[in-house]
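Topology and contacts: notes
Listed below are the residues making up each chain.
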Amino acid sequence: MKLNLVPARTGVEWVRLGLKNFWRQPLAFVSLFLMFMALISTISQLPLIGKFLPFVLLPFSTLGFMAAASVADASGGNGNNNGTSTGTDFPADTTGGLKRPTGAIMFLSVARAMRTEWRSLAVLGVISAVYCFLTVFLTALVDGGQFMRSYFLGEAPAKEVLESSRFQMANLLQMCLALPLVAAMWHAPALVHWHRVEPVKSIFFSLVAMFRNFGAYALYWLAWCGVLLLGLLAAALVGTIVIGVGSLGSGTGAMTAGNILMLGTVMTLAAMAQASNWFTFRDTFNPD
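Residues numbered from 1 in each chain as written. Predicted model: local features only at pLDDT ≥ 70, side-chain atom pairs only at ≥ 80, totals over all residues. Heavy atoms only, no water.

**A word on the packing of helix 2 (residues 26-44) against helix 6 (residues 103-138)**
Heads up, the rule is: Convention adopted: a line fitted to C-alpha atoms gives each axis, helices being fitted over their contacting stretch, and angles between N-to-C directions are expressed from 0 to 180 degrees. Counting from the N terminus, the helices are DSSP H or I runs at least four residues long and the strands are E runs at least two residues long. Roughly parallel means an angle under 35 degrees; roughly antiparallel, over 145; roughly perpendicular, 65 to 115; everything else is oblique. In this scheme the crossing of two helices becomes right-handed for a clockwise turn of the near helix relative to the far one and left-handed for an anticlockwise turn of less than a right angle. Any two residues whose heavy atoms approach within 4.5 Å at even a single point are treated as in contact. Basically, the charged four are Asp, Glu, Lys and Arg, the nonpolar ten are Ala, Val, Leu, Ile, Met, Phe, Trp, Tyr, Cys and Pro, and anything else, Gly included, counts as polar.
Interaxial distance between helix 2 and helix 6 falls to 9 Å at its minimum, and their mutual angle equals 40°. Here helix 6 runs oblique to helix 2, going by the angle between their axes. The two elements helix 2 and helix 6 meet at a crossing, and its hand is right-handed. Within the contact between the two elements, helix 2 uses Ala28, Phe29, Ser31, Leu32, Met35 and Phe36 and helix 6 uses Gly103, Met106, Phe107, Val110 and Met114. Taken together, the residues that form the contact of helix 2 with helix 6 break down as nine nonpolar, two polar and no charged.

Okay, here's the thing in structure tokens:
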């Protein structure tokens, strides 16, 4: 395996390819996103382990979306001709030579990846959960444990606690400490699957890749922030018009339609972002 150093402008290209990839199978990507979200939401309601298991599932969802995106990417002929490709052809082992994937084939690819790598993904998931819990414990050094109690016990802090500078600093500290986890798990599941890297080593290589290509990933995140902002603004504008027109009539149906529009937009944009993660991996690593 070889690490590629890509120019910063590649980050914008990843976003473009991700949007194009999403529209090849939009229903499949949105369905996959809803499936993972429903699973995580259900598990998070369980007593005791409900705070732990969602983080264990994080590597599974990451690899699942990359496996599905690799199938869609292979169908569009992007493998070696997108201008930023590293010359790899990872999707070949997930498509079986099919040119035009269906949603069913994408889901089969996800299931295959999960079945093959579940042990390594579980190790990555446990590491994610332990690290996240440590970040929450560390916030007690800032606010005396208020944030930690609200997180683990589900206690709703009083208004004066929420508005206190110490609680807000604890929240900010936890968010900052969680950033290395995002970087570590960005490529780790894919490295385990496509390059057969051990879980702990995959975390290290993922961090190195993010650091060495910081410009491309920073531009990638900024570009996605712009896409998300524009999408939400457009949905809000349309929703406002729908609600305004509906208020001349019954009003209730228009309000419901506006809320559904905003919710659907958020889910679609989230699925779009997930569909682009594959390209960051494909162009960052080369097989030996």
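Having put the structure on the table, let's press on.
**What to know about the environment of Leu53**
As a reminder of what qualifies: Each residue is assigned to one of three classes by its accessible area relative to the maximum for its type, calculated with a 1.4 Å probe on protein chains only: buried under 20%, partly exposed between the two thresholds, exposed over 50%.
Topologically, Leu53 is positioned in helix 3 (residues 53-56). You can call Leu53 partly exposed: its relative accessible area is 26%. When the C-alpha atoms of Leu53 and Ile43 are compared, they prove to be 6.9 Å apart, with ten residues separating the residues in sequence.

**Structural notes on the packing of aromatic side chains**
Defined as follows: The aromatic pairing rule takes the rings of Phe, Tyr and Trp, using the six-membered ring of Trp, and pairs them if the centres are within 6.5 Å, calling planes under 30 degrees apart stacked, those over 60 edge-to-face and the rest tilted.
Summed over the entire model, instances satisfying the criterion amount to 17 aromatic pairs. Seen from their ring centres, Phe52 and Phe133 are 6.0 Å apart, and the 65° between their planes marks the pair as edge-to-face. Placement of Phe52 in the loop between helix 2 and helix 3 and of Phe133 in helix 6 is noted, with a sequence separation of 81 residues between them. Residue classification places Phe52 among the partly exposed positions, given a relative accessible area of 26%. Note on Trp186 and Tyr220: the rings are 6.0 Å apart at their centroids and 90° apart in plane angle, and the pair reads as edge-to-face. With Trp186 in helix 10 (residues 165-194) and Tyr220 in helix 12 (residues 214-246), this residue pair connects regions lying 34 residues apart in the sequence.

**What to know about a nonpolar patch on the surface**
For clarity, the threshold we go by: Only residues whose relative accessible area exceeds 30% and that form no salt bridge are eligible for patches; like-charged ones are grouped when within 9 Å, while nonpolar side chains (Val, Leu, Ile, Met, Phe, Trp, Tyr) are grouped when within 5 Å. Each accessible area is a Shrake-Rupley result for a 1.4 Å probe, and residues are judged covered by the shown protein chains and nothing else. Within this document, salt bridges are pairs made up of a side-chain nitrogen of Lys or Arg and a carboxyl oxygen of Asp or Glu, the two lying within 4 Å of each other.
A contiguous nonpolar patch, built from Val126, Val130, Leu134 and Phe137 and spanning about 340 Å² of accessible area, is present on the exposed surface. Along the chain, Phe137 turns up in helix 6. Owing to a relative accessible area of 44%, Phe137 belongs among the partly exposed residues under this scheme.

**So, the confidence of the model for the protein chain**
Put simply, the rule reads: A residue's pLDDT is simply how confident the predictor is in it, with values from 0 to 100.
Considering every residue of the protein chain, the mean pLDDT works out to 84; 86% of them sit at 70 or more. Throughout residues 80-98 the model reports pLDDT below 50, and contacts reaching past four residues in sequence, or to other chains, amount to 47 contacts.

**A closer look at helix 11 (residues 199-212)**
So the rule is basically this: To estimate the expected span of a helix, subtract one from its residue number and multiply by 1.5 Å. Taken from the helix axis, the directions to the C-beta atoms give the arc we talk about.
If you check helix 11, its first and last C-alpha atoms are 20 Å apart, about what 14 residues at 1.5 Å a residue would give, namely 20 Å. Listed as buried for helix 11 are Pro199, Ser202, Ile203, Ser206, Ala209 and Met210. The buried residues of helix 11 occupy one face: seen down the axis, they fall within an arc of 130°. Of the exposed residues in helix 11, those oriented more than 90 degrees away from the buried face are Val200, Phe204 and Phe211.

**Looking at the environment of Asn171**
Considering the arrangement of structural elements, one finds Asn171 in helix 10. With a relative accessible area of 30%, Asn171 lands in the partly exposed category. Separated by 24 residues in sequence, Asn171 and Phe147 place their C-alpha atoms 7.0 Å apart.

**Observations regarding the pattern of salt bridges**
Inspection of the entire model under this criterion finds four salt bridges. Arg16 serves as the salt-bridge partner of Glu13, at 2.5 Å between the closest nitrogen and oxygen. In this pair, Glu13 and Arg16 are both assigned in helix 1 (residues 10-22), three residues apart and thus about one turn of the helix distant. Overall, Glu13 belongs to the buried group, its relative accessible area being 17%. Across the pair Asp73 and Arg282 runs a salt bridge whose closest N-O atoms are separated by 3.1 Å. Of this pair, Asp73 sits in helix 4 (residues 58-75) while Arg282 sits in helix 13 (residues 252-284), and the two are 209 residues apart along the sequence. The residues Asp73 and Arg282 share a single accessibility class, namely buried. The structure contains a network of salt bridges with shared partners spanning Asp73, Arg282 and Asp283.

**Focus: unusual backbone geometry**
Of note, Arg196 is a non-glycine position whose phi angle comes to about 55°, a positive value. The residue Arg196 is located in the loop between helix 10 and helix 11 in this model.

**Quick look at the packing of helix 10 against helix 11**
Relative to each other, helix 10 and helix 11 sit at 120°, their axes nearing to 7 Å. In terms of their interaxial angle, helix 10 and helix 11 are classed as oblique. Seen along the crossing, helix 10 lies across helix 11 with a hand that is right-handed. Contacts between helix 10 and helix 11 pair Pro180, Ala183, Ala184, Met185, Trp186, His187, Ala188, Leu191 and Val192 from the former with Pro199, Ser202, Ile203, Phe205, Ser206, Leu207, Ala209 and Met210 from the latter. In terms of residue class, the contact of helix 10 with helix 11 is built from 14 nonpolar, three polar and no charged.

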